[in-house]
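Chain residues, written in single-letter form:
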Amino acid sequence: MATELQGIQVTEAKPLLPGQDTAQQAAVAAAILLDRGQECDVETPYGFVHVTIHGTPRGNRPVILTYHDVGMNHKSCFDSLFKFEDMLEITKNFVVCHLDAPGQQDGSPPFPTGYEYPSMEQLCEMLTCVLQYFNFRSIIGVGVGAGAYILAMFARFSPDLVEGLVLLNIDPNAKGWMDWAASKITGLTSSLSDVVLAHLFSQEELSNNAAVVSNYRCFLNDGHFLSNAELFWNSYNSRRDLEIERDGGGSLKCPVMLVVGDQAPHEDTVVECNSKLDPTQTSFLKMADGGGQPQISQPGKLTEAFKYFVQGMGYMPSAGMTRLSRSRTTSLSGASVDGSGGRSRTLSQGSDGLPLGPGAPHTMEVSC
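Fair warning: this is a prediction, and the values are worked out from it, not measured in the lab.

Before we go on, may I ask you to explain the pairing of strand β3 (residues 63-67) in this structure?
Looking along a regular strand, one sees side chains alternate from face to face of the sheet. Taken across its five residues, β3 has five buried, putting it largely inside the fold. Neither face of β3 is open: one carries Val63, Leu65 and Tyr67, the other Ile64 and Thr66, and all of them are buried. Where β3 meets strand β5 (residues 139-144), five bridges bridge the pair, whose relative direction is parallel. Looking at the pairing, Ile64 lines up with Ile140 of β5.

What should I look at first to understand the packing of aromatic side chains in this one?
Centre-to-centre distance and the angle between the planes together describe a pair of aromatic rings. A full pass over the atoms with the stated rule returns 12 aromatic pairs. Against the face of Phe157 rests Arg156, its NZ or CZ located 5.5 Å from the ring centre. Just above the ring of Tyr308 sits the side chain of Lys307; from NZ or CZ to the centre is 4.9 Å.

Explain helix α13 (residues 299-312) here, please?
For the α-helix, the turn length of 3.6 residues means that residues three or four positions removed from each other point alike. Relative to the 20 Å expected for 14 residues at 1.5 Å per residue, α13 spans 20 Å between its end C-alpha atoms, a close match to the ideal helical length. By the criterion of burial, α13 is predominantly enclosed, with 12 of the 14 residues buried. The positive-phi residue at the C-terminal boundary of α13 is Gly314, with phi of around 100°.

Cut-off values and rules
- Counting starts from 1 at the beginning of each chain's written sequence and moves along it residue by residue.
- Local features are withheld for residues below a pLDDT of 70 in this predicted model, meaning they are given only at 70 or higher, and side-chain atom pairs are given and counted only at 80 or more; totals for whole chains, interfaces and linings count all residues.
- Hydrogen atoms and water are omitted, and side-chain values are computed over all heavy atoms in the structure.
- Burial status follows relative accessibility: with a 1.4 Å probe on protein chains alone, a residue under 20% of its type maximum counts as buried, one over 50% as exposed, and anything between as partly exposed.
- By definition, any uninterrupted DSSP run of H or I lasting at least four residues is a helix, any uninterrupted run of E lasting at least two residues is a strand, and each is numbered from the N terminus.
- Only when DSSP finds a minimum of two bridges between them are two strands counted as paired.
- Two rings from Phe, Tyr or Trp (for Trp, the six-membered ring) form a pair when their centres sit within 6.5 Å of each other. Planes less than 30 degrees apart are called stacked, planes more than 60 degrees apart edge-to-face, and all others tilted.
- Here, a charge over a ring means that NZ of Lys or CZ of Arg falls within 6 Å of the ring centre while also lying within 35 degrees of the ring normal.
- Multiplying 1.5 Å by the residue count of a helix minus one yields the expected span of that helix.

Have a look at this one:
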């Protein structure tokens, strides 16, 4: 089936004519790229995983592979980001491979009664099957929540296959007894959709009943999707500790960018994860007004940060600044913690000099 996938050569598109609106043309090209993605189901020892691929392989470059959070699929989680017009500058240089956890893709029928959903470890093992099926040599993983956990686990046990990770809202810890008891009590007093929404969005967004929350409430209340999402949710809540450590064999070996919105429900766990990673390989982006899902609420800022992250890995060296960079100056406050004394330094700089990359570890708060 892999041979049936038709590549999309974006670079051969008709050149823009003088006077054409370049931003509009970029948006149209991005929409075409996304809408023409090739879909298939890849069989694994633990069931089928739905895969959507965009773009044409380019030499030995890694594939950008995404994994969504609970209560979402690749479209609801990543469309805002990957359809953002400035993202085209990145996606035209890489194959993009979106994964949907079993039963989470649009139109998926409900699982039969008694179906045993794959564990987080088994969902992680499915990634190897996908890479082997399409003969992908390595990935740059982009994951949110449960998807970030799965990609981090994959990087721990298959470090040679992962060149970089962008992890949003990651919680690398197993749920403790107190967490388990709290979730049981919450489950008795709240609907599953409310519990999942509280996992996805900040308290402010929920209190204000923001438009994005209303949209996802409708999305979750689809009976077929919610029944499958509950199985994914239960699997995620049964996760084990990733045992990430700054020193020794527990650290992630690749460059990592951690992302979380200010006041997001997972802010504390992402900060904790940052403290456990190698500071020479890790960048931490805390986005003001990012809410619970920065890739949805602030796709422009995340696109810019992602581009610099990829450039720090040695790809796209000649790419220009994004439209966002050209149109405004961002205030950044950063902290770089050394491994010995735990002391930090603070810096401020414009967005044109954003030093995202493995050679310049720091924490950034973007407030623009």
